[in-house]
Amino acid sequence: MRIFKKIIFPAVVAVITVLAAGCSVFSGGEKSNNHLQMLDLADHLTKCGIPVTQVQAINPTVYGAESACAIQIANDKEIGVYKYDINIHRMAEDLEKFKRRGYAMTLGLKFPVLVYGSFMLVGVEVNDYRDQITEAMKTFY
């Protein structure tokens, strides 16, 4: 019993802790940005040289998201950003559906989307900074 308390039990706890903490073990190596928020994204875009001039909250329920905002870039076109909590099964399913299809529907119209982690972006394809936004999203985690 003593050996169990001093050696085996702590070893088992250590192994479980290491496995549980290694998120990449369970996510197939993908990096997660589920813990980040809208303002984190706006800050990241700015740090990547994209001139963010305004961030405004919008209705997240349009696409069933947890939160949403419009980010205006260079006093010109806005992109819509929708944040999903992938720990909620329904939101994770919805986000995966958008990623698989590559578009979202609003009022019978298809809008191309880009999905990076827990974030879905709408309107990037018509923005002058589309290439820089795409590159910036690859390091947003």
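Data block above holds the structure.
Residues numbered from 1 in each chain as written. Predicted model: local features only at pLDDT ≥ 70, side-chain atom pairs only at ≥ 80, totals over all residues. Heavy atoms only, no water.

Section: the side chain of histidine 44
Move 1: As for its position among the elements, histidine 44 is in helix H3 (residues 38-47).
Move 2: Residue classification places histidine 44 among the buried residues on the basis of a relative accessible area of 15%.
Move 3: Other than its neighbours up to four places away in sequence, histidine 44 contacts Ala136, Thr139 and Phe140. (Helix = DSSP H or I, 4+ residues; strand = E, 2+ residues; numbered from the N terminus. Buried < 20%, exposed > 50% of the residue type's maximum accessible area, 1.4 Å probe, protein only. Contact = heavy atoms within 4.5 Å.)

Looking at the packing of aromatic side chains
Move 1: Per the counting criterion, the structure on display carries four aromatic pairs.
Move 2: Here the aromatic rings of tyrosine 63 and tyrosine 82 are separated by 5.0 Å at their centres, their planes lie at 80°, and the arrangement is edge-to-face. Here tyrosine 63 is found in the loop between strand S1 (52-57) and strand S2 (67-73), whereas its partner tyrosine 82 is found in strand S3 (residues 78-83), with 19 residues between them in sequence. By the burial criterion, tyrosine 63 is buried, and tyrosine 82 matches it.
Move 3: Aromatic pair phenylalanine 119 and phenylalanine 140: ring centres 5.2 Å apart, planes at 70°, arrangement edge-to-face. Of the two residues, phenylalanine 119 is situated in strand S6 (residues 119-122) and phenylalanine 140 in the segment after helix H5 (130-137); the sequence distance between them amounts to 21 residues. Comparing phenylalanine 119 with phenylalanine 140, the two get one shared label, buried.
Move 4: Taken together, the aromatic side chains of Tyr63, Tyr82, Tyr84 and Phe98 make up a single cluster linked through ring pairs.
Move 5: When the ring centre of phenylalanine 98 is taken as origin, the NZ or CZ atom of lysine 97, which lies over that ring, is 5.0 Å away. (Phe/Tyr/Trp six-rings, centres within 6.5 Å; stacked < 30°, edge-to-face > 60°. Lys NZ or Arg CZ within 6 Å of the ring centre and 35° of its normal.)

As for the nonpolar core
Move 1: Judged by nonpolar contacts, the single largest core of 19 residues is most densely connected at Ile71, Val81 and Phe119.
Move 2: Of all the elements in the fold, those that place two or more residues in this core are H3, S2, S3, S6 and H5.
Move 3: Ranked by residue count, the leading element in this core is H3, at four residues.
Move 4: Not counting chain neighbours up to four residues away, the residues in contact with phenylalanine 119 comprise Asn33, Leu36, Gln37, Met38, Leu41, Val81, Tyr82, Lys83, Leu114, Met137 and Phe140.
Move 5: Formed by 13 residues, the second largest nonpolar core is a distinct cluster that contains Ala65, Met91, Phe98 and Ala104. (Core = buried A, V, L, I, M, F, W, Y, C linked by side-chain atoms within 4.5 Å.)

Quick notes on the side chain of aspartate 94
Move 1: Along the chain, aspartate 94 turns up in helix H4 (residues 89-101).
Move 2: Taking the relative accessible area as the measure of exposure, aspartate 94 reaches 12% and is therefore buried.
Move 3: Here aspartate 94 is in contact with Gly64 and Tyr84, once residues within four sequence places are set aside.

Details of the pattern of salt bridges
For side chains of opposite charge, pairing can occur when their charged atoms come near one another.
Move 1: Evaluated as defined, the whole model comprises four salt bridges.
Move 2: In this structure, arginine 90 and glutamate 93 form a salt bridge, with 3.9 Å as the shortest nitrogen-oxygen distance. With arginine 90 and glutamate 93 both in helix H4 and three residues apart, this pair spans about one turn of that helix.
Move 3: Residue classification places arginine 90 among the exposed residues on the basis of a relative accessible area of 54%.
Move 4: For glutamate 93, a relative accessible area of 38% gives the class partly exposed.
Move 5: Arginine 90 serves as the salt-bridge partner of aspartate 94, at 3.7 Å between the closest nitrogen and oxygen. Residue aspartate 94 and its partner arginine 90 are both found in helix H4; the two are separated by four residues, about one turn of the helix.
Move 6: Each of the salt bridges in this network shares a partner with another, and the network as a whole consists of Arg90, Glu93 and Asp94. (Salt bridge = Lys/Arg side-chain N within 4 Å of Asp/Glu carboxyl O.)

Just geometry here; none of it tells us what the structure is for.
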